[in-house]
Amino acid sequence: MNTEQEIVRLIEANKEKYYRVAYTYVKNKEDALDIVHDAIVKALQKMDSLHKREYLATWFYRILINESISYIRKNRKVVYLDELDDAQLPATEGIDREQYMTLYSAIDDLSPELKTILILRFFEDMKLDEIAEITSLRLSTVKARLYKALKLLKIDMEGDKL
């Protein structure tokens, strides 16, 4: 199987995950789909830069995250969470809409570096060493950023009674 076929197979097997990651950044269905599409195109264009096939998933996540952050920088859209209807919010058990929006808003206020670590760790359930590979950071840096993000969320949300 060639690299292009492997990329296509990986994307087809994980398309919901990739959409969810992009949506977490932009909170808009169409924009998230555009980001995933752009990441796929870039991956297919740059497939020659992938030196080891065992890092294909990590490589694609890096492209997707970079495309998400780039999209935000280019478009500077402001999405007001209270304008989203319940159908646009991911399903969460045991958390009502107000609590969810408070959490989502607090995560949005984080820097892209901290937000990326949180998304991959808690939304995608990745291990810290996987996050280190995807973000090209040392494991100690990933741990420090995760700790900092959680600390900032706690401080930000203490008054909101989540």
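Keep in mind that what you see is a predicted model, and the values were worked out from it rather than measured.

Overview of the confidence of the model for the protein chain
And then number 1: For the protein chain, the mean per-residue pLDDT works out to 83, and 80% of the residues sit at or above 70.
And then number 2: Per-element averaging of pLDDT across the protein chain places helix α4 (residues 97–108) at the bottom with 73 and helix α2 (residues 29–45) at the top with 94.
And then number 3: Every residue in residues 78–92 scores below 50 in pLDDT, and together they form 23 contacts with partners more than four places removed in sequence or on other chains.

Focus: the nonpolar core
General note: in soluble globular proteins, nonpolar side chains tend to be found buried as a group.
And then number 1: In terms of nonpolar packing, the biggest core is built from 41 residues, with Tyr18, Phe60 and Leu64 touching the most fellow members.
And then number 2: For this core, the secondary-structure elements that each account for two or more residues are α1 (3–26), α2, α3 (56–75), α4, α5 (112–123), α6 (128–135) and α7 (139–157).
And then number 3: Residues contacting phenylalanine 60, with those up to four places away along its chain left out, are Leu10, Ile11, Tyr18, Ala39, Ile40 and Ala43.

Focus: the packing of aromatic side chains
And then number 1: In the structure shown here, the tally under the stated rule is 3 aromatic pairs.
And then number 2: Between tyrosine 18 and phenylalanine 60, the aromatic rings sit 4.7 Å apart at their centres with planes inclined by 55°, giving tilted as the arrangement. Residue tyrosine 18 is located in helix α1, and its partner phenylalanine 60 is located in helix α3; the two are separated by 42 residues in the primary sequence. The residues tyrosine 18 and phenylalanine 60 share a single accessibility class, namely buried.
And then number 3: Above the face of the phenylalanine 122 ring, arginine 121 is positioned so that its terminal group lies 5.5 Å from the ring centre.

Details of the environment of asparagine 66
And then number 1: One can find asparagine 66 in helix α3.
And then number 2: With 50 residues separating them along the chain, asparagine 66 and threonine 116 place their C-alpha atoms 9.9 Å apart.

Focus on the side chain of threonine 116
And then number 1: Tracing the sequence through the fold places threonine 116 in helix α5.
And then number 2: Residue threonine 116 is classed as buried on the basis of its relative accessible area, which comes to 5%.
And then number 3: Setting aside its immediate chain neighbours within four residues, threonine 116 contacts Tyr25, Ile65, Ile69 and Thr135.

Things to note about the pattern of salt bridges
And then number 1: With the rule as written, the count across this model stands at 6 salt bridges.
And then number 2: In this structure, aspartate 108 and lysine 115 form a salt bridge, with 2.9 Å as the shortest nitrogen-oxygen distance.

Points about the packing of α1 against α3
And then number 1: At a closest axis distance of 10 Å, the pairing of α1 and α3 adopts a crossing angle of 35°. Seen along the crossing, α1 lies across α3 with a hand that is right-handed. In this structure, α1 contributes Glu6, Ile7, Leu10, Ile11, Lys17, Tyr18, Val21, Ala22, Tyr25 and Val26 to the contact, and α3 contributes Leu56, Ala57, Trp59, Phe60, Tyr61, Leu64, Ile65, Ser68, Ile69, Tyr71 and Ile72.
And then number 2: Residues of the contact of α1 with α3, tallied by class, amount to 18 nonpolar, 1 polar and 2 charged.

Thresholds, definitions, all that
- Residues numbered from 1 in each chain as written.
- Predicted model: local features only at pLDDT ≥ 70, side-chain atom pairs only at ≥ 80, totals over all residues.
- Heavy atoms only, no water.
- pLDDT = per-residue confidence, 0-100.
- Helix = DSSP H or I, 4+ residues; strand = E, 2+ residues; numbered from the N terminus.
- Contact = heavy atoms within 4.5 Å.
- Core = buried A, V, L, I, M, F, W, Y, C linked by side-chain atoms within 4.5 Å.
- Buried < 20%, exposed > 50% of the residue type's maximum accessible area, 1.4 Å probe, protein only.
- Phe/Tyr/Trp six-rings, centres within 6.5 Å; stacked < 30°, edge-to-face > 60°.
- Lys NZ or Arg CZ within 6 Å of the ring centre and 35° of its normal.
- Salt bridge = Lys/Arg side-chain N within 4 Å of Asp/Glu carboxyl O.
- Axes fitted to C-alpha atoms, helices over the stretch in contact; angles between N-to-C directions.
- Left-handed = near helix turned anticlockwise from the far one by under 90°.
- Nonpolar A, V, L, I, M, F, W, Y, C, P; charged D, E, K, R; others polar.

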